[in-house]
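# Coordinate inspection notes
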Amino acid sequence: MSHADRLSAPLGEIMYSMRAIRRLKPDPVAIEDIVTILDAARQAPSGSNRQPWHFLVVRDADQRAKLGAIYREAWWAKRRDEGFHKPEDFDPNDKVRMAAMRLPLR
């Protein structure tokens, strides 16, 4: 079965039923699913059709935790440059920042 066949669904169904996912289950993802997801991601349009993709798949929980720590450190360094120093400094209605701040990378 091709990667495209594994992902077949009516476009309208996807557009009207897809929700943003901000919390992920800790369940392992099968390598076949990872390959299919990456193949689909590669097909997405890119600015000037340059395809500047770089994918990093980290299946080891300890390594993900280390990357999560690096992400949080870098994220807060950038926020400090913008004048934000603690979670309470953000508008609680700023859903994008609030979600990014909580991104666990577990």
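Above this text is the structure in question.
Below is a short write-up of the structure. (Residues numbered from 1 in each chain as written. Predicted model: local features only at pLDDT ≥ 70, side-chain atom pairs only at ≥ 80, totals over all residues. Heavy atoms only, no water.)

## What to know about the packing of aromatic side chains
Given two aromatic rings, their pairing is described by the distance between the two centres and the angle made by the two planes. Here is the rule we go by: Aromatic contacts are taken between Phe, Tyr and Trp rings whose centres are within 6.5 Å, Trp giving its six-membered ring; a plane angle under 30 degrees counts as stacked, one over 60 as edge-to-face, and the others as tilted. Strands are runs of DSSP state E lasting at least two residues, helices are runs of H or I lasting at least four, and both sets are numbered from the N terminus onward.
Applying the stated criterion to the full structure yields four aromatic pairs. Ring centres of Trp76 and Phe90 lie 5.7 Å apart, and the angle between their planes is 45 degrees; this geometry places the pair in the tilted category. Taken together, the positions of Trp76 in helix H4 (residues 61-81) and Phe90 in the loop between H4 and helix H5 (95-102) put the pair 14 residues apart, joining distant regions of the chain. Here a set of aromatic residues connected by ring pairs shows up, and it is made of Trp75, Trp76, Phe84 and Phe90.

## Let's talk about unusual backbone geometry
Cut-off, in case you're wondering: Throughout this description, buried means an accessible area under 20% of the type-specific maximum (1.4 Å probe, protein chains only), exposed means over 50%, and partly exposed covers the range between.
You will see that Ser48, though not glycine, has its phi angle at about 55 degrees, which is positive. Among the residues examined, Ser48 registers a relative accessible area of 70% and is labelled exposed. One non-glycine residue, Gln51, lies in positive phi territory at about 50 degrees. Along the chain, the position of Gln51 falls in the loop between helix H3 (31-42) and H4. Exposure remark for Gln51: the relative accessible area of 35% places this residue in the partly exposed category.

## Some words on a nonpolar patch on the surface
To be explicit about the condition: A residue counts toward a patch only above 30% relative accessible area and without a salt bridge, and it is joined to like-charged neighbours within 9 Å or, for Val, Leu, Ile, Met, Phe, Trp and Tyr, to nonpolar neighbours within 5 Å. To be clear on the numbers: accessible area is Shrake-Rupley with a 1.4 Å probe, and residue cover counts the displayed protein chains and nothing else. Here, a salt bridge means any Lys or Arg side-chain nitrogen found within 4 Å of an Asp or Glu carboxyl oxygen.
Residues Ile14, Met18, Ile21 and Leu24 make up a contiguous nonpolar surface patch of roughly 460 Å² in combined accessible area. Position of Ile21 among the secondary structure elements: in the loop between helix H2 (11-17) and H3. Residue classification places Ile21 among the exposed positions, given a relative accessible area of 59%.

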